[in-house]
Amino acid sequence: MPRRTLEPRFSVEHLSILDSDGNIDAALEPDIAPDRLKELYRAMLLGRRLDERMVRLQRQGRIGTFAPIKGQEASQMGSVFTLRRTDWMVPSFRETAAMVWRGWPIEKLLQFFAGYVEGGQPAPDQHDLPVAIPVATQLPHAVGLAYAAQYRGDDVVVMAYFGDGATSEGDFHEALNFAGVWHVPVVFVCQNNQWAISVPLKKQTQARTIAQKALAYGVPGIQVDGNDVLAVYAASQEAVARARAGEGATLIECVTYRLGVHTTADDPTKYRSEEEVREWERKDPLTRFSEYLEKKNLLDEGLEQEVDEEIAAAVKRFEAYGPPDPLRMFDHVYADKPPHLAEQREELAARLRAGAEAGPAEPPASPPMRGQRKTSRWQN
Ligand SMILES: Cc1ncc(C[n+]2csc(CCOP(=O)(O)OP(=O)(O)O)c2C)c(N)n1
Ligand SMILES: [Mg+2]
């Protein structure tokens with residue numbers, strides 16, 4: 001028997017609309033009202049300025065370790081911008097701009113990165129999951145949300161974020177498989193920022209694109225220029241519309257770059273070159289979009305100051321909270337606390353009491369607990 005071709009050879013599209021100088025491919029330009037374009041730019045700028053401020057806050061010891069988004073503003077905002085409030089957003093740990101857009105107060109995000117339990121709690125009417133640190137674990141959750149919505153007949157779309165590194169995790173593949181089988185309304189947004197901490201994309205996968213990974217699961221995949229907010233918007237709008245129409249999931253690969261550190265506990269000069277960073281700086285999503293808006297006369301004066309004032313006011317509100325209560329880290333892990341955690345909690349409580357009795361001259365009561373690793377929770 002001769003060999004037969006069962007499937008036609010597949011192809012993966014790459015979408016790009018706005019080039020690095022802000023020039024547009026007019027045939028592909030999405031129809032976005034001027035006020036919405038301004039909103040989009042403001043949210044990207046806020047994301048950038050907040051990011052810079054958070055790095056400074058961390059360096060000053062005012063918040064803990066966090067993962068900057070610099071360079072990924074278009075990937076985040078172009079996609080999340082296409083959701084309705086009633087849709088669901090499922091972040092990983094690098095979606096600050098998207099989360100602020102979804103209504104997370106800035107001070108709450110600062111609380112998250114300063115160790116407050118409240119920082120991880122969405123408002124009751126908010127359709128967002130909290131930050132997920134364990135890589136890719138949020139993806140089966142996103143599919144579960146979409147499956148539940150489909151089962152109940154709710155008109156919602158779920159948008160889930162993750163990085164290039166996450167596509168090597170089993171959770172990613174399981175999520176895509178279920179999404180394909182169940183035709184659930186999920187938009188998977190991969191921010192391919194070229195690095196998973198110090199592991200470059202070429203050591204992460206032998207596949208030519210991440211978008212093509214969807215095809216094995218019967219899910220369409222598209223690659224977009226992730227530094228081109230209009231391309232991300234156009235692809236996301238299409239995927240959201242498909243999901244809403246009951247046509248199932250889509251994987252969007254946003255080709256972008258992490259311009260900053262992986263987290264504030266990382267030093268990228270150890271593993272990547274200055275030239276590479278410079279090259280991507282020339283493709284900065286904010287510069288590109290602002291040039292486009294400038295040509296349309298849609299750039300408002302004083303926007304940067306306005307955004308900085310909004311951030312400064314939020315930092316003030318954040319700093320007005322008392323210190324976080326270390327004992328709360330034992331809450332919400334299990335519905336019923338297992339004995340070893342109850343024991344650890346008691347041990348810490350005793351140490352805190354001893355510290356309080358000894359008065360303020362004592363060192364802070366936070367010695368490593370039994371079994372605790374001395375490394376950061378971000379394993380760099
Ligand atoms: C299951 C799991 N393994 C390892 C880690 C440590 N870790 C944190 S971020 C990261 C790399 C993630 O890379 P990628 O998915 O590309 O996302 P990016 O950080 O580039 O946004 C790793 C290995 C983790 N948090 N969870
Ligand atoms: Mg990455």
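For the structure itself, look to the data block above.
First, a word on what this report is: a plain description of the structure on this page. (Residues numbered from 1 in each chain as written. Chains lettered and ligands numbered in written order. Predicted model: local features only at pLDDT ≥ 70, side-chain atom pairs only at ≥ 80, totals over all residues. Heavy atoms only, no water.)

**A word on the overall build of the protein chain**
Line of reasoning, step 1. In terms of helices and strands, the protein chain carries twelve helices and eight strands.
Line of reasoning, step 2. For 380 residues, the compact-globule formula gives about 21 Å, and the C-alpha radius of gyration of the protein chain, at 22 Å, lands near that figure.
Line of reasoning, step 3. Considering only C-alpha atoms, the protein chain reaches an extent of 75 × 60 × 45 Å along its principal axes.
Line of reasoning, step 4. Burial statistics for the protein chain: of 380 residues in total, 48% are counted as buried.
Line of reasoning, step 5. Considering only contacts within the protein chain whose residues lie at least 6 apart along the sequence, 74% involve residues at least 24 apart.
Line of reasoning, step 6. For the protein chain, the computed accessible surface area is about 19,200 Å², with 51% contributed by carbon and sulfur atoms.
Line of reasoning, step 7. A gap of 4 Å separates the mean positions of the 45 positive and 55 negative side-chain charges of the protein chain. (Helix = DSSP H or I, 4+ residues; strand = E, 2+ residues; numbered from the N terminus. Rg over C-alpha atoms; globule rule 2.2 N^0.38 Å. Buried < 20%, exposed > 50% of the residue type's maximum accessible area, 1.4 Å probe, protein only. Contact = heavy atoms within 4.5 Å. Areas by Shrake-Rupley, 256 points an atom, 1.4 Å probe, with all protein chains shown as cover. Lys, Arg positive; Asp, Glu negative; His and termini not counted. Charge placed at Lys NZ, Arg CZ, Asp CG, Glu CD.)

**Considering the site of ligand 1**
Line of reasoning, step 1. Close to ligand 1 lie 15 residues, the nearest being Arg94, Gly165, Ala166, Asn193 and Trp195.
Line of reasoning, step 2. Contacts to ligand 1 include Ile133, whose backbone N or O atom sits 3.1 Å from a nitrogen atom.
Line of reasoning, step 3. In this structure, an oxygen atom belonging to ligand 1 sits 3.0 Å away from a side-chain N or O atom of Asp164.
Line of reasoning, step 4. Contact with the protein chains hides 77% of the accessible area of ligand 1, taken as 580 Å² for the molecule alone.
Line of reasoning, step 5. Grouping the amino acids of the shell around ligand 1 by side-chain chemistry returns eight nonpolar, four polar and three charged. (Near = heavy atom within 4 Å. Polar contact = N/O pair within 3.5 Å; in protein donor to acceptor, adjacent residues only side chain to side chain. Nonpolar A, V, L, I, M, F, W, Y, C, P; charged D, E, K, R; others polar.)

**Considering helix H8 (residues 229-244)**
Line of reasoning, step 1. For H8, with 16 residues, the first-to-last C-alpha span of 22 Å sits near the 22 Å given by 1.5 Å per residue.
Line of reasoning, step 2. All of the buried residues in H8 are Val229, Leu230, Ala231, Val232, Tyr233, Ala234, Ala235, Ser236, Ala239, Val240 and Ala243.
Line of reasoning, step 3. The N-capping residue of H8, defined by a side-chain oxygen 3.0 Å from the backbone nitrogen of Leu230, is Asp228.
Line of reasoning, step 4. Of the residues one or two after H8, Gly246 is the one with positive phi, at around 80°. (Expected span 1.5 Å × (residues − 1).)

**Structural notes on the nonpolar core**
Line of reasoning, step 1. Judged by nonpolar contacts, the single largest core of 68 residues is most densely connected at Met77, Val224, Leu230 and Phe289.
Line of reasoning, step 2. Among all residues touching Leu230, those that are not within four sequence positions of it are Ile17, Leu18, Ile24, Pro30, Ile32, Leu37, Phe289 and Tyr292.
Line of reasoning, step 3. Grouped together as the second largest cluster of nonpolar side chains are 28 residues, Val90, Val156, Ala160 and Val186 included. (Core = buried A, V, L, I, M, F, W, Y, C linked by side-chain atoms within 4.5 Å.)

**Section: the pairing of strand E4 (residues 186-192)**
Line of reasoning, step 1. Across the seven residues of E4, seven count as buried, placing the element largely inside the fold.
Line of reasoning, step 2. Residue alternation in E4 divides its side chains into two sets, Val186, Phe188, Cys190 and Asn192 and Val187, Val189 and Gln191, and both sets are buried.
Line of reasoning, step 3. Summarising the sheet, strand E3 (residues 158-163) and E4 pair through six bridges and their orientation is parallel. Counterpart to Val158 in the pairing with E4 is Val186.
Line of reasoning, step 4. For the handedness criterion, the β-α-β arrangement of E3, helix H6 (residues 170-182) and E4 is classed as right-handed.
Line of reasoning, step 5. Pairing between E4 and strand E8 (residues 250-255): six bridges, direction parallel. Its bridge partner lying in E8, Phe188 is registered against Leu251. (Pairing = 2+ DSSP bridges. Right-handed = clockwise from strand over helix to strand, strands pointing away.)

**Looking at the packing of helix H1 (residues 34-59) against helix H11 (residues 303-319)**
Line of reasoning, step 1. At a minimum axis separation of 9 Å, H1 and H11 run at an interaxial angle of 50°. On the basis of their axis angle, the class for H1 and H11 is oblique. Between H1 and H11 lies a crossing whose hand is right-handed. Of the residues in H11, those touching H1 at Tyr41, Arg42, Leu45, Leu46, Arg49, Leu50, Arg53 and Leu57 are Leu303, Glu304, Glu306, Val307, Asp308, Glu310, Ile311, Ala312 and Val315.
Line of reasoning, step 2. Broken down by class, the residue content of the contact of H1 with H11 amounts to ten nonpolar, no polar and seven charged. (Axes fitted to C-alpha atoms, helices over the stretch in contact; angles between N-to-C directions. Parallel < 35°, antiparallel > 145°, perpendicular 65-115°, else oblique. Left-handed = near helix turned anticlockwise from the far one by under 90°.)

**Quick word on the coordination of the magnesium ion (ligand 2)**
Line of reasoning, step 1. Protein-derived coordination of the magnesium ion (ligand 2) comes from Asp164 (OD), Asn193 (OD1) and Trp195 (O), at a distance range of 2.1 to 2.2 Å.
Line of reasoning, step 2. Considered as a linear motif, the donors of the magnesium ion (ligand 2) on their single chain read D-x28-N-x1-W. You'll find Asn193 and Trp195 in the same group, each marked buried. (Donors = N, O, S within 2.8 Å, 3.2 Å for Na, K, Ca; no water.)

**Section: the packing of aromatic side chains**
Line of reasoning, step 1. Considering all chains together, one arrives at 14 aromatic pairs under this definition.
Line of reasoning, step 2. Between Tyr257 and Trp280, the ring centres sit 5.1 Å apart and the planes meet at 10°, which makes this aromatic pair stacked. Taken together, the positions of Tyr257 in the loop between E8 and helix H9 (274-281) and Trp280 in helix H9 put the pair 23 residues apart, joining distant regions of the chain.
Line of reasoning, step 3. Connected via pairs of aromatic rings, a cluster forms that spans Tyr41, Phe289 and Tyr292.
Line of reasoning, step 4. Between the NZ or CZ atom of Arg85 and the centre of the ring of Trp101, over which it lies, the distance is 5.6 Å.
Line of reasoning, step 5. Above the ring of Trp280, the side-chain terminus of Lys283 is found at 4.0 Å from the ring centroid. (Phe/Tyr/Trp six-rings, centres within 6.5 Å; stacked < 30°, edge-to-face > 60°. Lys NZ or Arg CZ within 6 Å of the ring centre and 35° of its normal.)

**With respect to unusual backbone geometry**
Glycine aside, a negative phi is what most residues show, and trans is what most peptide bonds show.
Line of reasoning, step 1. Positive phi is not limited to glycine here, since Ala136 has a value of about 75°.
Line of reasoning, step 2. Within the element layout of this structure, Ala136 appears in the loop between helix H4 (106-112) and helix H5 (138-152).
Line of reasoning, step 3. A positive phi angle is found at His183, which is not glycine, with a value near 50°.
Line of reasoning, step 4. Topologically, His183 is positioned in the loop between H6 and E4.

In short, the description is geometric, and any link to function would need to be established separately.
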